[in-house]
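One-letter residues, chain by chain:
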Amino acid sequence: MKLAEYRKKRDPTATNEPFGPEPPAEVAPTLVGAFVIHQHAATRMHWDVRLEMGGVLCSFAVPRGPSLDPAEKRLAVHTEDHPLEYLDFEAVIPEGQYGGGPMIVWDRGRVRYLEGPAEEELARGKLDLEFEGMKTRGRFAFVKIKNAKENEWLFFKKQDAFARAGEPELVDDKPRSILSGLTV
Ligand code: MN
């Protein structure tokens, strides 16, 4: 049950988050898919980077958000898989519920996995990918931190034509939802 942890953390009668059906246990290996990056003002501000993989959204919480500067290695905490319905989800999650607070669709688009199926990249602790979003474009990587707490990865831009160093940071320069134009 890929969404068991997601369901366990949430009360469907009290939250407005989607409760999509459990995806099939066996799905084809994922080479391309959709991605969404939510900006989420929960207890602490963070950006949730969610990658379609195996019929769910593999999710990482990134406290400082994505950067286009390859020198900026951002902490990314691997969290529970989310249902695909989350690709369109933008709402204020009720206070007192898990993840309570406003959440916007900060970016969305296609992700391509560059070093084989996403499931295999995840299992070996290194995701090489290419985003084709409205704001987030080009090659990025997630690399699991050795000898760190479980679930701690680094998320950073790889050097390419979309890389950009210095101010303003992408999250400051383009703060609005690509769906509604709202800020968080
Ligand atoms: Mn979140």
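The preceding data block contains the structure.
Given the structure is predicted, the values throughout are model-derived calculations rather than measurements. (Residues numbered from 1 in each chain as written. Predicted model: local features only at pLDDT ≥ 70, side-chain atom pairs only at ≥ 80, totals over all residues. Heavy atoms only, no water.)

By secondary structure assignment, the location of glutamate 121 is in helix H2 (residues 118-123). We classify glutamate 121 as buried; its relative accessible area is 0%. Along the chain, glutamate 121 and phenylalanine 35 lie 86 residues apart, while their C-alpha atoms are 16 Å from each other. If near-sequence neighbours (up to four positions away) are discounted, glutamate 121 is found in contact with Tyr113, Leu114, Glu115, Gly116, Lys126, Leu127 and Asp128. Engagement of the side chain of glutamate 121 in a polar contact is seen with the backbone nitrogen of glutamate 115, the distance being 3.0 Å. (Helix = DSSP H or I, 4+ residues; strand = E, 2+ residues; numbered from the N terminus. Buried < 20%, exposed > 50% of the residue type's maximum accessible area, 1.4 Å probe, protein only. Contact = heavy atoms within 4.5 Å. Polar contact = N/O pair within 3.5 Å; in protein donor to acceptor, adjacent residues only side chain to side chain.)

Right, let's get into the pattern of salt bridges. Note on pairing: side chains with opposite charge can pair once their charged atoms come close. This model, assessed by the stated rule, comprises 13 salt bridges. Between lysine 126 and aspartate 128 there is a salt bridge, with its nearest N and O atoms 2.7 Å apart. A salt bridge links aspartate 160 to lysine 157; the shortest N-O distance between them is 2.8 Å. Judged by relative accessible area, lysine 157 falls into the buried class, the value being 1%. Among the ionic contacts, a cluster of salt bridges with common partners joins Glu5, Lys9, Arg10, Glu17 and Glu80. (Salt bridge = Lys/Arg side-chain N within 4 Å of Asp/Glu carboxyl O.)

Distances and angles like these do not, on their own, reveal function.
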